[in-house]
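Read off the chains here:
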2 protein chains.
Amino acid sequence: MTPTLAYAARSATSPLSPFSFERRTPGERDVSIDILHCGVCHSDLHTARGEWGGTLFPCVPGHEIVGRVSAVGRLVSRFKMGDLVGVGCMVDSCQHCQPCTDGLEQYCDNGFTGTYNGPEQGTGANTYGGYSNHIVVRESFVLRIAHTEDRLAEVAPLLCAGITTYSPLRQWNVGPGHKVGIVGLGGLGHMGVKIAAAMGAHVVLFTTSPGKREDGLRLGAREVVVSKNADEMAAHAGSFDFILNTVAAPHDLDAFLVLLKLDGTMTLVGAPASPHPSPGVFNLIMKRRRLAGSLIGGIRETQEMLDFCAHHGIVSDIETLRMDQIETAYERMLKSDVRYRFVIDMATLTA
Amino acid sequence: MTPTLAYAARSATSPLSPFSFERRTPGERDVSIDILHCGVCHSDLHTARGEWGGTLFPCVPGHEIVGRVSAVGRLVSRFKMGDLVGVGCMVDSCQHCQPCTDGLEQYCDNGFTGTYNGPEQGTGANTYGGYSNHIVVRESFVLRIAHTEDRLAEVAPLLCAGITTYSPLRQWNVGPGHKVGIVGLGGLGHMGVKIAAAMGAHVVLFTTSPGKREDGLRLGAREVVVSKNADEMAAHAGSFDFILNTVAAPHDLDAFLVLLKLDGTMTLVGAPASPHPSPGVFNLIMKRRRLAGSLIGGIRETQEMLDFCAHHGIVSDIETLRMDQIETAYERMLKSDVRYRFVIDMATLTA
């Protein structure tokens, strides 16, 4: 057992505070990782505050983890001590259902094991995430990081925000010659813009904030459309091959569906707490459009994404935090006051 | 000009009644057709009664037309006098946009010409449909009928109900080894069951009417699920490759979305007058499901569907009508009191 320092929520209403626990004794297929940085995802906040129901307390959030291998089990072949590695939203799955066999562990028929708020395979124990200084993860859920060490903090958000946007862009074959919309410029959206642009698409960013126009262009969008402006929107009617919608707040999906061309798809990666207004069936029928969903990505695809981002020099735009600033970060996230992801420097986590 | 007898609505509130007009003088690429039978589609009723807005009066509905060629223009090469032919929902389109070039005239960028309620290409004149004894149609929108003449009345509904269900089943590659749901057993649904079964799929019919169970099995379904029965529904969770939803009345789409497996698609072919309850985004995200729409089918695909149905001995289950019974038929359609399509015997249309 490895004594581990963390920050945990003791209840839905208590702020996160220091917490000590023991990680499991590493098995022969496990990788032990000293955590260097951990990104802060909206899911962390929702789970810590019990907003989705089902939170197990104490809750140690964090699933955008980067760190250095401190030890490996006897049967671990792909990692060695000192390697830079990442851990995303999953630390395990059943490994035998069809989705797992196909490398789609996020759709495991038996439910994957979340990096936090478990349950652990076999024991059913709660899992504790990346707001901690150490983690033990089975080799097959550990990712290799090819970026240089000085970018490591900026790599952390790729483990959730990066793969969540990369996976649908890949699934729908985004590439050169495609006109691709990204709805929303937050943690996910800013990764979507960078990745879609690197894939060669003509990227159009949709934002409600005129003040984000320059940022959108800097991040790789060829055009920025203020989605509240009906004239700007109308100019793009029926012209998009694909739209990635990263906005979790309820909003009018039709405003974007009508921008798709024949056989175009809009994929949603955010689930609103209350429903979107019902999308118009007519808009789906008249141009054979599709409305789809997508959940993070599989481990194989996450590695592909990390390698793609390293190759294209893509990282996240971040603001670093001390661990004891987490509650302030949550409050700022709720106001969308972050460009574009908070990352905790785990060296600031002390007992 | 060809004097033509028809039944028309003079206004949204007047019952259909006899109407005389002249069809255009056939051009060198036109086919003149004596109409033998015409199916009765819900769209006929909605348009005649002005329920969708935009109805041009007088309105002669009817877009499930079968008949015999009475004359052909000088440049017509594929048809000759005496041939059995069909005309569906479209009689023209721009013929030069990308969808038209791709054989997807139903998605014509410039708007196809409906068989009724036009506007005619070039002139902008209103078009009059199949509740008439004669029609003139450009060759490229005329379909060849390979069924035997004695089945002709039963073929008529293939021109709309048949292609509207065939097209999405083909688009989503339904075939042997697939589990396919058909929601609703009406004019469209009963064709969907027959066609999907002939494509080799394991077909499950969803109906709200326990009384339709035997019919569903007779038509080709391997299982019939009464969709109001939560236990029956739950037994099929996450198991469908594809669901074709033919129900136009607002209903809970989530009840069917959760029955799709990973990467499964539900295609809607009915547009409700008021919105469906908003589908849950979570159901789309958790198994990367898709909600799609589809509109009739292109001319090339309609010919393929007719040939497929002739090859497999598929026709519609119909009840024949005299032309002067049309208002009674509409009233019965509104009560879903038809198994499963009304077809007008055009020999009963007299001045």
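Residues numbered from 1 in each chain as written. Chains lettered and ligands numbered in written order. Predicted model: local features only at pLDDT ≥ 70, side-chain atom pairs only at ≥ 80, totals over all residues. Heavy atoms only, no water.

Quick look at the overall build of chain A
And step 1. Secondary structure assignment for chain A yields 11 helices and 17 strands.
And step 2. Rg of the C-alpha trace for chain A: 20 Å, near the compact-globule value of 20 Å for 351 residues, within the 12% margin.
And step 3. Dimensions of chain A, computed from C-alpha atoms along their principal axes, come out at roughly 60 × 40 × 35 Å.
And step 4. Within chain A, the fraction of its 351 residues that count as buried is 57%.
And step 5. Pairs at least 24 residues apart make up 67% of the contacts formed inside chain A by residues separated by at least 6 positions.
And step 6. Accessible area for chain A stands at about 13,400 Å²; split by element, carbon and sulfur atoms hold 52% of it.
And step 7. Computing the positive centroid from 31 side-chain charges and the negative centroid from 36, chain A places the two 3 Å apart. (Helix = DSSP H or I, 4+ residues; strand = E, 2+ residues; numbered from the N terminus. Rg over C-alpha atoms; globule rule 2.2 N^0.38 Å. Buried < 20%, exposed > 50% of the residue type's maximum accessible area, 1.4 Å probe, protein only. Contact = heavy atoms within 4.5 Å. Areas by Shrake-Rupley, 256 points an atom, 1.4 Å probe, with all protein chains shown as cover. Lys, Arg positive; Asp, Glu negative; His and termini not counted. Charge placed at Lys NZ, Arg CZ, Asp CG, Glu CD.)

Side note on the packing of aromatic side chains
And step 1. Tallied over the full model, the rule gives 14 aromatic pairs over all chains.
And step 2. For the ring pair Phe 19 of chain B and Phe 21 of chain B, a centre distance of 5.5 Å and an interplane angle of 20 degrees mean the geometry is stacked.
And step 3. Residue Phe 19 of chain B is classed as buried on the basis of its relative accessible area of 13%.
And step 4. Look at Phe 21 of chain B and you get buried, because its relative accessible area is 11%.
And step 5. Taken together, the aromatic side chains of Phe 19, Phe 21 and Tyr 128 of chain A make up a single cluster linked through ring pairs.
And step 6. A cation sits over an aromatic face here: Lys 179 of chain A above Phe 240 of chain A, 4.6 Å from the ring centre. (Phe/Tyr/Trp six-rings, centres within 6.5 Å; stacked < 30°, edge-to-face > 60°. Lys NZ or Arg CZ within 6 Å of the ring centre and 35° of its normal.)

What to know about the state of the cysteines
In protein chemistry, a disulfide is the covalent bond that joins the sulfur atoms of two cysteines.
And step 1. Summed over all chains, the structure comprises zero disulfides over all chains.
And step 2. Free of any disulfide, Cys 38 of chain A has its nearest neighbouring cysteine sulfur in Cys 41 of chain A, separated by 9.6 Å.
And step 3. Not engaged in a disulfide, the cysteine Cys 59 of chain B finds its nearest cysteine sulfur in Cys 38 of chain B; these two sulfurs lie 12 Å apart. (Disulfide = S-S within 2.5 Å.)

Quick notes on the relation of the copies chain A and chain B
And step 1. Relative to chain B, chain A is turned by 180 degrees and slid 0.0 Å along the rotation axis, the superposed coordinates differing by an RMSD of 0.0 Å. Taken together, the rotation and translation relating the two chain copies correspond to the operation of a two-fold axis. In terms of proximity to the rotation axis, the leading residue of chain A is Ser 278 of chain A, whose C-alpha is 2.0 Å off the axis.
And step 2. Take the interface residues of chain A: 100% of them recur as interface residues in chain B, which is what a same-surface contact looks like. (Least-squares fit on C-alpha atoms with pLDDT ≥ 70 in both.)

Brief notes about the pairing of strand β3 (residues 30–40) of chain B
Residues and elements named next belong to chain B.
And step 1. In terms of burial, β3 is largely enclosed, as nine of its 11 residues are buried.
And step 2. The sheet contact formed by β3 and strand β8 (residues 134–138) spans five bridges and is antiparallel. Bridge assignment links Val 31 to a residue of β8, and that residue is Val 137. (Pairing = 2+ DSSP bridges.)

Quick notes on the packing of helix α4 (residues 161–171) of chain B against helix α10 (residues 299–312) of chain B
All names here are of chain B.
And step 1. For the pair α4 and α10, interaxial distance at closest approach is 10 Å and the crossing angle is 100 degrees. Relative to α10, α4 is oriented roughly perpendicular. In this structure, α4 contributes Gly 162, Ile 163, Tyr 166, Ser 167 and Arg 170 to the contact, and α10 contributes Glu 301, Thr 302, Glu 304, Met 305 and Phe 308.
And step 2. Among the residues forming the contact of α4 with α10, the class breakdown is four nonpolar, three polar and three charged. (Axes fitted to C-alpha atoms, helices over the stretch in contact; angles between N-to-C directions. Parallel < 35°, antiparallel > 145°, perpendicular 65-115°, else oblique. Nonpolar A, V, L, I, M, F, W, Y, C, P; charged D, E, K, R; others polar.)

Here we look at the interface of chain A and chain B
And step 1. Contact residues are listed per partner, giving 32 residues for chain A and 32 residues for chain B.
And step 2. When chain A packs against chain B, close to 2,600 Å² is buried across both sides, 67% of that on carbon and sulfur atoms.
And step 3. If you sort the residues of chain A by the area they bury against chain B, Tyr 107, Ile 285 and Arg 288 of chain A come out on top, with a joint share of 24%.
And step 4. Applying the counting rule to chain A against chain B returns two salt bridges.
And step 5. A salt bridge links Asp 109 of chain A to Lys 287 of chain B, with the nearest nitrogen and oxygen atoms 3.9 Å apart. (Buried area = accessible area lost by both parts, 1.4 Å probe. Salt bridge = Lys/Arg side-chain N within 4 Å of Asp/Glu carboxyl O.)

Some thoughts on the sheet that holds strand β10 (residues 179–183) of chain B
And step 1. Spatial ordering of the open sheet is given by β12(A)-β11(A)-β10(A)-β13(A)-β14(A)-β15(A)-β15(B)-β14(B)-β13(B)-β10(B)-β11(B)-β12(B), a layout of 12 strands whose pairing is mixed. If you trace the sheet from one side to the other, it starts and ends with β12 (223–226) of chain A together with β12 (223–226) of chain B, each paired once. On average, each strand axis in the sheet is inclined to that of its neighbour by 20 degrees, with strand direction left out of account.
And step 2. Looking at chain direction, strand β13 (residues 240–245) of chain A and strand β14 (residues 260–268) of chain A are connected through five bridges and run parallel.

Describing unusual backbone geometry
And step 1. Backbone torsion omega between Gly 118 of chain A and Pro 119 of chain A reads 0 degrees, so that peptide bond is classified as cis.
And step 2. Between Arg 339 of chain B and Tyr 340 of chain B the backbone carries a cis peptide bond, its omega angle lying at 0 degrees.
And step 3. Secondary-structure assignment places Tyr 340 of chain B in the loop between α11 (326–334) and β17 (341–345).
And step 4. Unusually for a residue other than glycine, Asp 263 of chain B sits at a positive phi of about 65 degrees.
And step 5. Residues other than glycine seldom take positive phi values, yet Ser 336 of chain B does so here, at roughly 55 degrees.
And step 6. Relative accessible area serves as the criterion here: at 55%, Ser 336 of chain B is assigned to the exposed category.

Here's the deal with the confidence of the model for chain A
Low pLDDT means the predicted atomic positions in that stretch should not be read closely.
And step 1. Looking at chain A, pLDDT values average 96 and 100% of them are 70 or higher.
And step 2. As scored by the predictor, the complex reaches a pTM of 0.96 and an ipTM of 0.94. (pLDDT = per-residue confidence, 0-100.)

Looking at the pattern of salt bridges
All names here are of chain A.
And step 1. Taken as a whole and judged by the stated rule, the model has 48 salt bridges over all chains.
And step 2. The salt bridge involving Asp 215 is made with Arg 339; its shortest N-O contact spans 3.7 Å. Placement of Asp 215 in helix α6 (residues 213–219) and of Arg 339 in the loop between α11 (326–334) and β17 (341–345) is noted, with a sequence separation of 124 residues between them.
And step 3. Residue classification places Asp 215 among the buried positions, given a relative accessible area of 13%.
And step 4. The exposure class assigned to Arg 339 is partly exposed, which follows from its relative accessible area of 45%.
And step 5. Taking the shortest distance from any N to any O, the salt bridge between Arg 322 and Asp 324 comes out at 3.1 Å.
And step 6. By relative accessible area, Arg 322 is classed as partly exposed at 43%.
And step 7. Among the charged side chains, a network of salt bridges with common partners joins Lys 194, Asp 215, Arg 218, Asp 317 and Arg 339.

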